[in-house]
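# Breakdown of the fold
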Amino acid sequence: MRIHISIAQQSLTLFDAAGQVLRRYSVSTASRGVGEQRGSYCTPRGKHLIRAKIGAGQAANTVFVARRPSGEIYSSELGAAFPERDWILTRILWLSGCEPQLNRLANVDTMRRYIYIHGSPETVAMGTPGSHGCIRMRNADIIELFDRVPVYTPVEIFED
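Summary of the structure given here. Every value quoted in this text rests on a predicted model; they were computed, and no experiment measured them. (Residues numbered from 1 in each chain as written. Predicted model: local features only at pLDDT ≥ 70, side-chain atom pairs only at ≥ 80, totals over all residues. Heavy atoms only, no water.)

Formed by 20 residues in total, the largest nonpolar core has its most connected members in Ile3, Leu12, Ile117 and Leu145. Contributing elements (two or more residues each) for this core: strand S1 (2–6), strand S2 (11–15), strand S7 (89–97), strand S9 (135–137), helix H2 (139–148) and strand S10 (154–158). Per element, the largest residue contribution to this core is 3 residues, and it comes from H2. Look past the residues within four positions of Ile117 in its chain and what remains in contact with it is Ile5, Leu12, Arg91, Ile92, Leu93, Leu95, Ile135, Met137, Ile142 and Leu145. Counting 8 residues, the second largest nonpolar core, distinct from the first, contains Phe64, Trp94, Tyr116 and Cys134. (Core = buried A, V, L, I, M, F, W, Y, C linked by side-chain atoms within 4.5 Å. Buried < 20%, exposed > 50% of the residue type's maximum accessible area, 1.4 Å probe, protein only. Helix = DSSP H or I, 4+ residues; strand = E, 2+ residues; numbered from the N terminus. Contact = heavy atoms within 4.5 Å.)

See the structure below:
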C-alpha cells in the first residue's frame, strides 16, 4: 500500500501494492501552502511514512491533545466554547519524513513538526486548504484509512 496526497487537488489517494486505486478522499492541507521549515505552519512535501498510529478504538470525535485523548468528545458546543483550538480528532497517523534536508532532520523534520493525518470537526471544509500544516480528513474517512493502512505505509505529498 501507499498514499499519495495532492496539494493542488486537496485529495488523498490510497493505492494497493499493485498500484490500483483503492479509495480517494477529500482533505484539507495547510492554509499557508507547502513548506518544510519548523514554525512555517505549511504542509511538507516529499516522501514520508506513517511512523505511528494513534487512537485505535477511540470513539469518533475523540479530542486529542499532545497525541493523547483529552477525555473530551468534540461537539458544536465545545467548538464554540474554544474557537481558537486546532481540533485533532478521532485518529492520528503521525508522519515522518524520509528525505534528509527536505523533510527529515534539523529544522525541516516532519515528525518533530508534529505533522499528522487526522480527523477534524464536520464543519471544517474539505477540498480547500485550511490546516496549520497537517492533513485534515473527515472522521469517518480517517477511521476507514486508519483501519486499512499499517505503520510504515509510504506517503508522498505532491504539489500537483
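The next subject is a positive patch on the surface. Together, Arg38, Arg51, Arg104 and Arg112 line one region of the surface with positive charge. Structurally, Arg38 is set in the loop between strand S3 (21–26) and strand S4 (46–54). Residue Arg38 is classed as partly exposed on the basis of its relative accessible area, which comes to 45%. (Patch = residues over 30% accessible without salt bridge, like charges linked within 9 Å, V, L, I, M, F, W, Y side chains within 5 Å. Areas by Shrake-Rupley, 256 points an atom, 1.4 Å probe, with all protein chains shown as cover. Salt bridge = Lys/Arg side-chain N within 4 Å of Asp/Glu carboxyl O. Lys, Arg positive; Asp, Glu negative; His and termini not counted. Charge placed at Lys NZ, Arg CZ, Asp CG, Glu CD.)

What follows is about the pattern of salt bridges. A complete count under the given rule lists 7 salt bridges for this structure. In this structure, Arg45 engages Glu159 in a salt bridge whose closest nitrogen and oxygen atoms are separated by 2.9 Å. With Arg45 in the loop between S3 and S4 and Glu159 in the segment after S10, the pair connects residues that are 114 residues apart, well separated along the chain. The class of Arg45 is partly exposed, set by a relative accessible area of 26%. Put simply, Arg136 and Asp86 hold a salt bridge, and the shortest N to O gap is 3.1 Å. Of this pair, Arg136 sits in strand S9 while Asp86 sits in the loop between helix H1 (76–81) and S7, and the two are 50 residues apart along the sequence. You can call Arg136 buried: its relative accessible area is 11%.

Treat this as a map of the structure, not an account of what it does.
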